[in-house]
Amino acid sequence: MQNKDIKALKDPMGAAILDYFKNGRAAKLRVFSSQFDEDEIPVEELFREYEQMPYLEKMALGLSRGQILDVGAGSGCHSLALQKMGKSATAIDISPLAVSVMRERGLDARQVDLFDESFTGNYDTILMLMNGSGIIGTIDNMPKFFSRMRQLLAPDGFILMDSSDLKYLYEDEDGSFEIDLAADYYGQLDYRMQYKNIKGEVFDWLYIDFQTLSYHAGQNGFKAELVAEGEHYDYLAKLSLS
Ligand code: SAH
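Residues numbered from 1 in each chain as written. Predicted model: local features only at pLDDT ≥ 70, side-chain atom pairs only at ≥ 80, totals over all residues. Heavy atoms only, no water.

## Considerations on the side chain of Asn220
Inference 1: Mapped onto the elements of the fold, Asn220 is located in the loop between helix H7 (210-219) and strand E11 (222-229).
Inference 2: Beyond its immediate chain neighbours, meaning those up to four positions away, Asn220 contacts Met142, Pro143, Phe146 and Arg150. (Helix = DSSP H or I, 4+ residues; strand = E, 2+ residues; numbered from the N terminus. Contact = heavy atoms within 4.5 Å.)

Okay, structure coming up:
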């Protein structure tokens, strides 16, 4: 077995990205969650060009400056767009296959878990896009996340992160919301991905509304600004040291 095949065993996302990169098409990248029905990630969207990106992502790229860290970079679409704008980005992802594709695409890409403290840096912009808050995982991880950001940010640096308020999933026909306040925060999901016969591990993925994000930023010495709102409960936030 080749090294790449071993790595692919638990890397469905990377396997899908590699397939699409090599063949221009991919099979279904399936997403399972205990909270929702089975869903699918359109792999071609991970390869979107600047023109195809949603408005909030284009704004984030426009605001990115200095040394940029693209966190959970996937196929590297944002880092590539930044490179075309003449900006300087480092892309990190936990997926070994995604990182190998990004390298082949000419990016400075590294296989790094954001929370691994052996990775250091002093970034002016930290980009977390395509529901970038997901990587935080759970609300309980907020202190750990913000202290990690403090390690990686230049003093006047900032994070650009997009997310969505999932409250619309709990909306009744009369427009009221049925949210169990005693349960975990409603944007906290568990996911597992599968590509062909490659099954990944279960992981936590956090969708967060701007107010809750702003509250936790404040608790951890950061301030949150709402840069812009999208068309469907989504938004782009800028987080900086306060
Ligand atoms: N930002 C890209 C990809 C989004 S998918 C885009 O907009 O197209 C989320 C990516 O985050 C996946 O490639 C996944 O492997 C990566 N990821 C998840 N947890 C991570 C972590 N802790 N550190 C680094 N990357 C992570």
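Still more ground to cover, so stick around.
## Things to note about helix H5 (residues 96-104)
Inference 1: Burial analysis of H5 places 7 of its 9 residues in the buried class, which makes it a mostly covered element.
Inference 2: Of the residues making up H5, those classed as buried are Pro96, Leu97, Ala98, Val99, Ser100, Val101 and Met102.
Inference 3: Immediately beyond the C-terminal end of H5, within one or two residues, lies Gly106, with a positive phi of roughly 90 degrees. (Buried < 20%, exposed > 50% of the residue type's maximum accessible area, 1.4 Å probe, protein only.)

## Regarding the environment of Tyr233
Inference 1: Along the chain, the position of Tyr233 falls in the loop between E11 and strand E12 (234-241).
Inference 2: Between the alpha carbons of Tyr233 and Phe203 there is a distance of 23 Å; along the sequence they are 30 residues apart.

## Re the sheet that holds strand E4 (residues 88-93)
The strands making up a sheet associate through hydrogen bonds between their backbones, and the pairing can be parallel or antiparallel.
Inference 1: Taken in spatial order, the 7 strands of this open sheet run E5-E4-E3-E6-E7-E12-E11, and their pairing is mixed. Bordering the open sheet on either side are strand E5 (108-111) and E11, each of which pairs with just one other strand. Adjacent strand axes in the sheet meet at a mean angle of 20 degrees when their direction is disregarded.
Inference 2: Bridge analysis of strand E6 (residues 123-128) against strand E7 (residues 153-164) gives 5 bridges, and the strand direction is parallel. The residue bridging Met128 from the neighbouring strand is Met161, located in E7.
Inference 3: Most of the contacts of H5 go to E5, to which it runs at about 165 degrees, and overall it touches E4 and E5. (Pairing = 2+ DSSP bridges. Axes fitted to C-alpha atoms, helices over the stretch in contact; angles between N-to-C directions.)

## Points about the environment of Asp156
Inference 1: Position of Asp156 relative to the elements: it lies in strand E7.
Inference 2: Owing to a relative accessible area of 54%, Asp156 belongs among the exposed residues under this scheme.
Inference 3: When the C-alpha positions of Asp156 and Ile135 are compared, they lie 23 Å apart, and in sequence the two are 21 residues distant.
Inference 4: Sequence-distant contacts of Asp156, defined by excluding residues within four places in its chain, comprise Arg65 and Asp124.

## Re the nonpolar core
Inference 1: Counting 52 residues, the largest nonpolar core has Leu114, Ile126, Phe145, Ile159 and Leu239 as the members making the most contacts within it.
Inference 2: For this core, the leading source of residues is helix H6 (residues 142-152), giving 5 residues.
Inference 3: Residues contacting Leu114, with those up to four places away along its chain left out, are Val71, Ile92, Met128, Ile135, Phe145, Arg148, Met149 and Leu152. (Core = buried A, V, L, I, M, F, W, Y, C linked by side-chain atoms within 4.5 Å.)

## Focus on the site of the ligand
Inference 1: Taken together, 18 residues are adjacent to the ligand, and Arg48, Gly72, Asp93, Asp113 and Leu114 come closest.
Inference 2: Between an oxygen atom of the ligand and a side-chain N or O atom of Arg48, the distance comes to 2.7 Å.
Inference 3: Here a nitrogen atom of the ligand and a backbone polar atom of Leu129 are 3.2 Å apart.
Inference 4: Within the complex, the protein chains bury 90% of what would otherwise be the 570 Å² of accessible surface of the ligand.
Inference 5: Taken together, the residues that form the shell around the ligand break down as 11 nonpolar, 4 polar and 3 charged. (Near = heavy atom within 4 Å. Polar contact = N/O pair within 3.5 Å; in protein donor to acceptor, adjacent residues only side chain to side chain. Areas by Shrake-Rupley, 256 points an atom, 1.4 Å probe, with all protein chains shown as cover. Nonpolar A, V, L, I, M, F, W, Y, C, P; charged D, E, K, R; others polar.)

## Here we look at the packing of aromatic side chains
Within a pair of aromatic rings, the relevant descriptors are the distance that separates the centres and the angle that separates the planes.
Inference 1: Overall, the coordinates contain 10 aromatic pairs when judged by the stated rule.
Inference 2: Plain terms: the ring middles of Phe145 and Phe146 are 5.1 Å apart, the flat faces sit at 70 degrees to each other, and that makes the pair edge-to-face. This pair shows no difference in class: Phe145 is buried, exactly as Phe146 is.
Inference 3: Taken together, a centroid distance of 5.7 Å and an interplanar angle of 80 degrees make the contact between Phe210 and Tyr235 edge-to-face. Of this pair, Phe210 sits in helix H7 while Tyr235 sits in strand E12, and the two are 25 residues apart along the sequence.
Inference 4: With relative accessibility at 4%, the residue Tyr235 sits in the buried group.
Inference 5: Connected via pairs of aromatic rings, a cluster forms that spans Phe145, Phe146 and Phe222.
Inference 6: Over the face of the ring belonging to Tyr50 we find Lys58, whose NZ or CZ atom lies 5.4 Å from the ring centre. (Phe/Tyr/Trp six-rings, centres within 6.5 Å; stacked < 30°, edge-to-face > 60°. Lys NZ or Arg CZ within 6 Å of the ring centre and 35° of its normal.)

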